[in-house]
Amino acid sequence: METTILARMCWKILILLSLTTALKAENIHIGAVVSSPENVDVLRNYVYKANSRLDVKSVGLTFNATAQLMDANPIRSALSVCDDIISKRVHVIIVSHPPGSDQSPISVSYTCGYYGIPLIGIYARDSAFTDKNVHPTFMRTVPPYFQQASVWIDLLQHFGWRQVIFIHGMDEEGRAILSRFQALAEQEEIKIEKTIKFSVGISNFSELLEDLHSAQSRIILFSAGREDAQVLFQNAAEMKLTTGSDFVWIVSEEAMRADNVPIGAVGLELINGSNESANLEDSVRLVVDTAVDLFSVGNLTTITNTPDSCSTPMTDKWQDGMLFLKQMKRMTVEGQTGRLQFTEEGDRLNPIYYIKNKQPGVIEKVGFHGRRGAEGQNLNFAKDQPIVWPSGSTDKPDGLKISTHLEVVTIEAKPFVYKWPIYTASDELKCAQEKGVNCTFSNETTGEVSHHCCFGYCIDMLNMLSEKVKFTFKLHLSADNAFGSFKRVGNSTRKEWTGMVGELVREEGVTSDLVVAPLTINPERAAVIDFSKPFKYQGLTILVKKEQKDSSLASFLQPFTNTLWILVALSVHVVALVLYLLDRFSPFGRFKLAKNDDTEEDALNMSSAMWFAWGVLLNSGIGEGTPRSFSARVLGMVWAGFAMIIVASYTANLAAFLVLDRPDASISGIDDSRLRNPNENFRYATVKDSAVEMYFKRQVELSTMYRKMEKFNYKNADDAIKDVKKGVELQAFIWDSSRLEYEDAKDCDLVVAGELFGRSGLGVGLRKGSPWTHLISLAILELHEGGQMEKLDNKWILIESTECPERDHTPATLGLTNMAGVFMMVAGGIVAGVFLIFVEILYKRHRGLKEKELELARNAADRWRGNIAKRKTLRQTMASQRESMHRVNSLAKSHSLDSNSTLSTSIINRAIVKQGPPGNSPPVTKPKVTIQSGRAVAPCKPSVLLTNPAFSAANRSDFV
């Protein structure tokens, strides 16, 4: 019961599916123009099989086909397509070629392109169909002929050949394959040494082939039609360029069909390229897969009507046809001819080719190139079928005619290359003993050839390379003494390379195989010559003259700025003033101490306060004149802390400024304002026609510098370095860091300024595609790994002059030059002290005379006052005596005493003495009074008057 119900449900689903499919069924009509009736049946059979596919049924598609034979007449073929194919409203057309002819279906492509109908070519390989402006709807299951260039590139890489000779016809196919090969060869760094062009149908190639023997390359790529190839092979055999020679011929498919292909030639053959049935099957599968993909994802639900006649002009192309075409180009289909993939132009990608080799009596398939199934693109050769080369051997040829004797050019550039002339045999012997190399120089003006001994970094390296790579060489100096630049010739518009690079580029005249010199690797040179791996990495830097200090006497003042020195000096005097005021007005200062002769000290006056402030700052010790008040002492402690910090900072900075003091460069580097904003007083330059000049010319941000230095550039580095040392004509020289570091180490007056910029490498220059490039690069890498390059650096570049007093990497010490200012300061103090002592002596002498005059005046005044006092005293004394005498007389009279009475005399004398002189006058010598005639008489003795101090010469008369 359950089974019956399930069966009924399945039938209902199938009916619904069939109804849905019927509702949205679409009919895709495929047209075809083939070369034979058999292929018409083949096409219909493939379409019939496509209709039975499940994915086709699931989306409700039905395919049918309309086919006819292609006419050899292009006009009749186009008319037939219009009448018999387009009239059937076809959606896609597949086109082959006419019976018995290789004619391309150009007329069919024009017609389909006009109406926007997709067209799949299964035989046409002309390069013209790649142009979508002419053939907008054309795509093909076979590759164009020019895609053989991709296989040739893979063959060259497989065999390790990097240099070829290309021979091609001047027709469209020849130009197309050359263009394709050039684009691929540039990416893979394969050089075309010679390109030989010929007109199609030429009868003799001998004149074009005569230079092949002198060429270095022995690999010939040849593209031509069958008829031209037969003629060329015949002429090449006559010139012994084919069988038995060292030339290798790699030829195109058409040339490989010639009857006289030389033994050893290698060619290609497209697998299934002429298999029309296989390409028809792949084309039908591509159309069916595309339609299923479009309808299954919903990009199309129905197809608009296609053109049904060529008589009615169309304003627009069939849009669904263009959509169908774009989708087919995106598809990837595994078919009978391999994996179908397409470019944007509709050309097939990754076709499969046989690699064919002409061997005696037969053309063998020795390998294949392309993608098969899930395998990636590859190049496989049959192990049991080796290639026979034109020489008859199965060993791979070198592909080059290599001469082991090379012409080497160099240029004098210290420290890489030095030179000195050779005049005698002893000079040659000396050159050999010093491991130098004899090099010649040809004067372009006079034509004279001079011999020199060349030695240095590059010469030692050249000798090492010649031993490792096994070549001999002849060395000469550059005729125009230049590295090389691309310059205009005279007044013409033509440009060419000069210098050593020019010798590598030129084919005639003075030529060279190698440049062994400090040649900078840059893009301009690398475009025309080959470079080895760099033997030294470097950059650009700037050489200037060392700047000397303006005044070494003031070196000890450098730790502080002028402003700080002024503030320190001002602080000393301010602190001294405040100390004086605090100690002066403090109630506990020395001015308020009790007066005591035993403990009294000198007061803190302004002079003592100044001495205290300077003594604390200079750490000289203070023995007197210290502050006594608490407030002043607090300030003194703070000042002592300030002095400690200032002195410590000064000491530390003095060591930094004097011990590490070195001559500075006048500029800071490439970003210095004097370089970026040039002025007339600062000149800088480099060498003309050098890589450095190219660098500045190439850098947009350095264009201002380039314009400034262009007119000052020198012909060589030596002249520029001399002018930098003079410092008059040139202030800065921009050049390779290796040379300038060498000059810096050797010359004490020069210094390198700033950091490196414009980093690059120095390499050995070779001709473009030279077979020696890889070998020399490997040898240079071995020298780096073995440490030989480092030894050369130490021997020739990292040389220091022992004459310089100090170098940047050695510790510096202070000398008299640094500390002369301190000694001068001490000497100045001594001179100032001596000068001040003379000032003090003169001042004291002047002050002594003033004091003497005052003393004399004071003494005179004292004498005058003494005389006045004496006169006054004398008068008083005399008056007192007279009064005394008067009393004596009165007493004598009263007592009636005679003159001889001793008692009377004694009484009178006591009375005189008792009376005494008045005031404080000194005592007067007592006179002995006698009584005469009843009166007292004092003896008149001059000695008494003269000896009595109370009398003077002026009083004597009064006394008498």
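Residues numbered from 1 in each chain as written. Predicted model: local features only at pLDDT ≥ 70, side-chain atom pairs only at ≥ 80, totals over all residues. Heavy atoms only, no water.

J.: If you had to explain the confidence of the model for the chain to someone new, which residues and values would you point to?
T.: Residue-level pLDDT values for the chain average 81, and 80% of them are 70 or greater. Counting interchain partners and residues more than four positions distant, the pLDDT-below-50 stretch residues 591–595 has eight contacts. (pLDDT = per-residue confidence, 0-100. Contact = heavy atoms within 4.5 Å.)

J.: Give a detailed account of helix H23 (residues 737–746), specifying residues and quantitative values.
T.: Within H23, eight of the 10 residues are buried, which leaves it mostly tucked inside the rest of the structure. Among the residues making up H23, those that are buried are Ser737, Ser738, Arg739, Leu740, Tyr742, Glu743, Asp744 and Ala745. Buried residues in H23 make contact with strand S17 (418–421), strand S25 (536–545), helix H22 (717–726), strand S27 (732–736), strand S28 (750–767) and helix H25 (788–797). (Buried < 20%, exposed > 50% of the residue type's maximum accessible area, 1.4 Å probe, protein only. Helix = DSSP H or I, 4+ residues; strand = E, 2+ residues; numbered from the N terminus.)

J.: Just give me the short version of helix H2 (residues 37–51), but keep the residues and values in it.
T.: Here H2 spans 22 Å end to end across 15 residues, near enough to the 21 Å set by a 1.5 Å rise per residue. When H2 is considered as a whole, its buried residues turn out to be Asn39, Val40, Leu43, Tyr46, Val47 and Ala50. For H2, the angular spread of buried residues about the axis comes to 125 degrees, placing them on one side. Seen from the open side of H2, the exposed residues pointing more than 90 degrees away from its buried face are Glu38, Asp41 and Tyr48. Looking at the packing, one finds that the buried side of H2 touches strand S1 (26–34), helix H3 (54–58), strand S2 (61–69), strand S3 (92–95) and helix H10 (276–296). (Expected span 1.5 Å × (residues − 1). Arc of directions from axis to C-beta.)

J.: Lay out unusual backbone geometry in plain terms, naming residues and giving numbers.
T.: Backbone torsion omega between lysine 414 and proline 415 reads 0 degrees, so that peptide bond is classified as cis. Not every positive phi belongs to a glycine, and asparagine 272 is a case in point at roughly 60 degrees. Tracing the backbone shows asparagine 272 in the loop between strand S10 (266–270) and H10. Phi angles above zero are rare outside glycine, and asparagine 350 is one such case at about 50 degrees. Position of asparagine 350 among the secondary structure elements: in the loop between strand S12 (338–340) and strand S13 (353–359).

J.: Explain the packing of aromatic side chains to me, using residue names and the numbers behind them.
T.: Within this structure, the stated rule accounts for 29 aromatic pairs. Considering the side-chain rings of phenylalanine 233 and tryptophan 249, the 5.9 Å spacing of their centres and the 80 degrees angle between planes classify their relative orientation as edge-to-face. Taken as a pair, phenylalanine 233 in helix H9 (residues 226–238) and tryptophan 249 in strand S9 (residues 248–251) lie far apart in primary sequence, 16 residues in all. Residue phenylalanine 233 is classed as buried on the basis of its relative accessible area, which comes to 2%. Residue class for tryptophan 249 comes out buried when judged on its relative accessible area of 1%. (Phe/Tyr/Trp six-rings, centres within 6.5 Å; stacked < 30°, edge-to-face > 60°.)

J.: Provide a residue-level description of the state of the cysteines, including the pertinent values.
T.: Taken as a whole, this structure holds three disulfides when the rule is applied. Bridging cysteine 439 to cysteine 454, the disulfide has an S-S length of 1.9 Å. An S-S torsion of about 75 degrees defines the bridge between cysteine 439 and cysteine 454 as right-handed. With cysteine 439 in strand S18 (residues 437–442) and cysteine 454 in strand S19 (residues 449–455), this residue pair connects regions lying 15 residues apart in the sequence. Look at cysteine 454 and you get buried, because its relative accessible area is 0%. Unpaired in this structure, cysteine 112 has its nearest cysteine sulfur neighbour in cysteine 82, at a distance of 8.5 Å. (Disulfide = S-S within 2.5 Å.)

J.: Residues and numbers for a nonpolar patch on the surface, please.
T.: Together, Leu564, Leu567, Leu570, Val574 and Val578 line one region of the surface with nonpolar side chains, adding up to about 390 Å² of accessible area. Here leucine 570 is to be found in helix H16 (residues 562–585). (Patch = residues over 30% accessible without salt bridge, like charges linked within 9 Å, V, L, I, M, F, W, Y side chains within 5 Å. Areas by Shrake-Rupley, 256 points an atom, 1.4 Å probe, with all protein chains shown as cover. Salt bridge = Lys/Arg side-chain N within 4 Å of Asp/Glu carboxyl O.)

J.: Summarise the nonpolar core; cite the residues concerned and give the values.
T.: Within the largest apolar cluster, 48 residues are counted, with the highest numbers of intra-cluster contacts made by Phe696, Phe733 and Ile734. In contact with isoleucine 734, other than residues within four places in its own chain, are Thr541, Ile542, Tyr684, Ala685, Thr686, Val692, Phe696, Met705, Met709 and Phe757. Membership of the second largest hydrophobic core comes to 39 residues, among which are Tyr418, Ile422, Ile459 and Leu465. (Core = buried A, V, L, I, M, F, W, Y, C linked by side-chain atoms within 4.5 Å.)

J.: So, the pattern of salt bridges: which residues are in play, and what are the values?
T.: Applying the stated criterion to the full structure yields 28 salt bridges. Its salt-bridge partner being arginine 285, residue glutamate 281 comes within 3.5 Å of it at the nearest N-O pair. A residue pair is termed a helical-turn pair when its members lie 3 or 4 positions apart in one helix, as glutamate 281 and arginine 285 do in helix H10 at four residues. Its relative accessible area of 17% is what places glutamate 281 among the buried residues. Residue classification places arginine 285 among the partly exposed positions, given a relative accessible area of 27%. Note that arginine 683 and glutamate 729 form a salt bridge whose closest N and O atoms lie 3.6 Å from each other. A residue pair is termed long-range when its members are at least 10 positions apart, and arginine 683 in the loop between helix H19 (673–676) and strand S26 (684–685) and glutamate 729 in the loop between H22 and S27 qualify at 46 residues. Owing to a relative accessible area of 44%, glutamate 729 belongs among the partly exposed residues under this scheme.

J.: Which residues make up the sheet that holds S2, and what values go with them?
T.: In spatial order, the strands read S2-S1-S3-S4-S5; together these five strands make up an open sheet with parallel pairing. The two strands at the open ends of the sheet, each matched to only one other strand, are S2 and strand S5 (138–140). Averaged over all pairs of adjacent strands, the angle between their axes in this sheet comes to 25 degrees, without regard to strand direction. Across three bridges, S3 lies against strand S4 (residues 119–121) in parallel orientation. Following the sheet pairing, isoleucine 94 is matched in S4 by isoleucine 120. Most of the contacts of H2 go to S2, to which it runs at about 180 degrees, and overall it touches S1, S2 and S3. (Pairing = 2+ DSSP bridges. Axes fitted to C-alpha atoms, helices over the stretch in contact; angles between N-to-C directions.)

J.: An account of the environment of methionine 606 is needed here, citing residue identities and associated values.
T.: Considering the arrangement of structural elements, one finds methionine 606 in helix H17 (residues 606–618). For methionine 606, a relative accessible area of 29% translates into the label partly exposed. In contact with methionine 606, other than residues within four places in its own chain, are Ala576, Leu577 and Tyr580.

J.: Could you give me a rundown of the side chain of serine 77, with the residues and numbers involved?
T.: Inspection of the secondary structure puts serine 77 in helix H4 (residues 74–85). With relative accessibility at 2%, the residue serine 77 sits in the buried group. Setting aside its immediate chain neighbours within four residues, serine 77 contacts Met70, Asp71, Ser107 and Val108.

J.: I'd like a rundown of the packing of H10 against helix H11 (residues 319–330), residues and numbers included.
T.: Between two packed helices, both the angle of their axes relative to each other and the distance between the axes serve to describe the pair. For the pair H10 and H11, the least separation of the axes is 9 Å and the interaxial angle reads 110 degrees. The orientation of H10 relative to H11 falls into the category roughly perpendicular. Of the residues in H11, those in contact with Leu286, Val287, Thr290, Ala291, Asp293 and Leu294 of H10 are Phe324, Gln327 and Met328. Looking at side-chain class alone, the contact of H10 with H11 contains six nonpolar, two polar and one charged residues. (Parallel < 35°, antiparallel > 145°, perpendicular 65-115°, else oblique. Nonpolar A, V, L, I, M, F, W, Y, C, P; charged D, E, K, R; others polar.)

J.: Residue-level account of the pairing of S13, with values.
T.: Burial within S13 is extensive, with six of its seven residues counted as buried. Alignment of S10 against S13, held across five bridges, turns out to be antiparallel. Considered in S13, the bridge of valine 266 is made with asparagine 357. Between S13 and strand S14 (residues 362–370), which follow one another and run antiparallel, lie two residues, and glycine 361 among them has a positive phi close to 85 degrees.

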